[in-house]
Amino acid sequence: TLGKSYSNQELVRKILRCLPRSWTPKVTAIEEAKDLSTLPLEQLLGSLMTHETTMKNHENVEVKKKKPIALKSSKEDSESDEDGDVALITSQFKKFLKSQK
């Protein structure tokens, strides 16, 4: 609206600069592998969209790999733990009484 028109090279550079930090490796790869002065805007956008799709696929695979672990418990285990706790408290109490004598 202000009458400013940007060249293809300026648009490519602006898009690469405005990407978030997580995209830094991709931006660096594009800058080093391609000539930004001749890189068409459509090719840049296609490359970025492909990278975004790949990143989302990797996230989905990582989420699927995480399997919840369910542990079974039995009433006998909790009772034996309570007995162990009582024994520990009793022995500590006996030591306390000995130190007070």
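These notes cover the structure that comes with them. Everything numeric in this text was worked out from a predicted model, so none of it was measured. (Residues numbered from 1 in each chain as written. Predicted model: local features only at pLDDT ≥ 70, side-chain atom pairs only at ≥ 80, totals over all residues. Heavy atoms only, no water.)

**Remarks on a positive patch on the surface**
Worth spelling out the cut-off: Excluding any residue in a salt bridge, patches collect residues exceeding 30% relative accessible area, merging like charges within 9 Å and nonpolar Val, Leu, Ile, Met, Phe, Trp and Tyr side chains within 5 Å. Per-residue and other accessible areas were derived by the Shrake-Rupley procedure at a 1.4 Å probe size, with only the shown protein chains allowed to occlude residues. Here a salt bridge means any side-chain nitrogen of Lys or Arg lying within 4 Å of a carboxyl oxygen belonging to Asp or Glu. His residues and chain termini do not enter the charge count, which takes Lys and Arg as positive and Asp and Glu as negative. For charged residues, the charge sits on one atom: NZ in Lys, CZ in Arg, CG in Asp, CD in Glu. Working definition: helices are DSSP H or I runs of at least four residues, strands are E runs of at least two. Numbering for both runs from the N terminus. Each residue gets one of three labels from its accessible area relative to the maximum for its type: buried under 20%, exposed over 50%, partly exposed in between, using a 1.4 Å probe on protein chains only.
Together, K4, R13, K14 and R17 make up a region of like positive charge exposed at the surface. Summarising the element assignment, K4 is placed in the segment before helix 1 (8–18). Its relative accessible area of 56% is what places K4 among the exposed residues.

**A few points about the nonpolar core**
Which entries qualify depends on this criterion: To define a nonpolar core, start from buried Ala, Val, Leu, Ile, Met, Phe, Trp, Tyr and Cys residues and group those joined through side-chain atoms within 4.5 Å. Contacts: residue pairs with any heavy atoms within 4.5 Å of one another.
In terms of nonpolar packing, the biggest core is built from 10 residues, these being V12, L16, W23, V27, I30, L36, L39, L41, L44 and L48. At the level of elements, helix 1, helix 2 (24–33) and helix 3 (41–65) are the ones that each hand at least two residues to this core. A per-element tally of this core places helix 3 first, with three residues. Contact partners of V27, with chain neighbours within four places excluded, come to L16 and L19.

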